[in-house]
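Close look at the chain arrangement
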Amino acid sequence: MHIKSKKLTWSNANLQNSAERNALFQHEEKKAGQRVKQAFNKLKSQGIVDEHGNLLSNELPKDMQQNSQCDFGG
């Protein structure tokens, strides 16, 4: 017998049901972990952090330095 299960989202999960709530939280934690890994890999590929997550430079980008001529309209 095949039981069809619904895809849990914040809008359709019954948070009063502990099994559904736990399943939703586990799914959300997994998605969050994937986003963190993607962000880390992007920073690593841009040369901003090393493979351990250490910042490779403390220098600000040129447009953010004090003597910059950039105007953000603020």
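Residues take numbers from 1 onward in each chain, read along the sequence in its written order. For this predicted model, a pLDDT threshold of at least 70 governs which residues receive local features, and a threshold of 80 or more governs which side-chain atom pairs are given and counted, while totals over whole chains, interfaces and linings are taken from all residues. Side-chain metrics in this entry use all non-hydrogen atoms of the structure; hydrogen atoms and water are not considered.

Some thoughts on a nonpolar patch on the surface
There is a patch of nonpolar side chains on the surface, built from Trp10, Leu15 and Phe25 and spanning about 290 Å² of accessible area. Think of it this way: any DSSP run of H or I at least four residues long counts as a helix, any run of E at least two long counts as a strand, and we number them from the N terminus. One can find phenylalanine 25 in helix α1 (residues 18–45). Given a relative accessible area of 34%, phenylalanine 25 falls into the partly exposed group. Within the patch definition used here, like charges are joined within 9 Å and nonpolar side chains (Val, Leu, Ile, Met, Phe, Trp, Tyr) within 5 Å, considering only residues with over 30% relative accessible area and no salt bridge. Exposure was quantified through the Shrake-Rupley algorithm and a 1.4 Å probe, taking into account, for residues, occlusion by the shown protein chains and nothing else. Each reported salt bridge corresponds to a side-chain nitrogen of Lys or Arg within 4 Å of a carboxyl oxygen of Asp or Glu. Only protein chains enter the accessibility calculation, which uses a 1.4 Å probe; a residue is then buried when its area is under 20% of its type maximum, exposed when over 50%, and partly exposed in between.

Focus: the packing of aromatic side chains
Only centres within 6.5 Å qualify two rings of Phe, Tyr or Trp (six-membered ring in Trp) as a pair; their planes then separate them into stacked at under 30 degrees, edge-to-face at over 60, and tilted for everything else. Across all of its chains, the model carries one aromatic pair by this definition. Ring geometry for tryptophan 10 and phenylalanine 25: centres 5.8 Å apart, planes at 40°, overall tilted. Of this pair, tryptophan 10 sits in the segment before α1 while phenylalanine 25 sits in helix α1; the two residues are 15 residues apart in sequence, bridging distant segments of the chain.

Focus: the side chain of glutamate 20
Examined against the element boundaries, glutamate 20 turns out to sit in helix α1. Within the structure, the side chain of glutamate 20 is placed 2.8 Å from the backbone nitrogen of asparagine 14, a separation counted as a polar contact. Every residue in contact with glutamate 20, bar those within four places of it in the chain, is listed here: Lys6, Leu8, Asn12, Ala13 and Asn14. Polar contacts, as used here, are pairs of N or O atoms within 3.5 Å; protein pairs need one atom able to donate a hydrogen and one able to accept it. Residues neighboring in sequence count only if both atoms are side-chain atoms. Any two residues whose heavy atoms approach within 4.5 Å are treated as being in contact.

Observations regarding α1
In a helix, the anticipated span is given by 1.5 Å times the number of residues less one. The terminal C-alpha atoms of α1, which comprises 28 residues, lie 40 Å apart, in line with the 40 Å expected from a rise of 1.5 Å per residue. Of all the positions in α1, only Glu20, Leu24 and Glu28 are classed as buried. If you check the start of α1, you find a side-chain oxygen 2.9 Å away from the backbone N of alanine 19, and it comes from asparagine 17. Glycine 47 sits one or two residues past α1 and shows a positive phi near 75°.

Quick look at the pattern of salt bridges
One pass over the structure, following the stated rule, counts one salt bridge. Where lysine 31 meets glutamate 28, a salt bridge forms, and the shortest distance between an N and an O atom there is 3.3 Å. In this pair, lysine 31 and glutamate 28 are both assigned in helix α1, three residues apart and thus about one turn of the helix distant.

Side note on the environment of leucine 15
Among the secondary structure elements, leucine 15 is positioned in the segment before α1. Looking at leucine 15, the relative accessible area reads 33%, which means it is partly exposed. In this structure the C-alpha to C-alpha distance between leucine 15 and proline 61, which are 46 residues apart in sequence, comes to 45 Å. Apart from the residues lying within four places of it in its own chain, the contact partners of leucine 15 are Trp10, Arg21 and Leu24.

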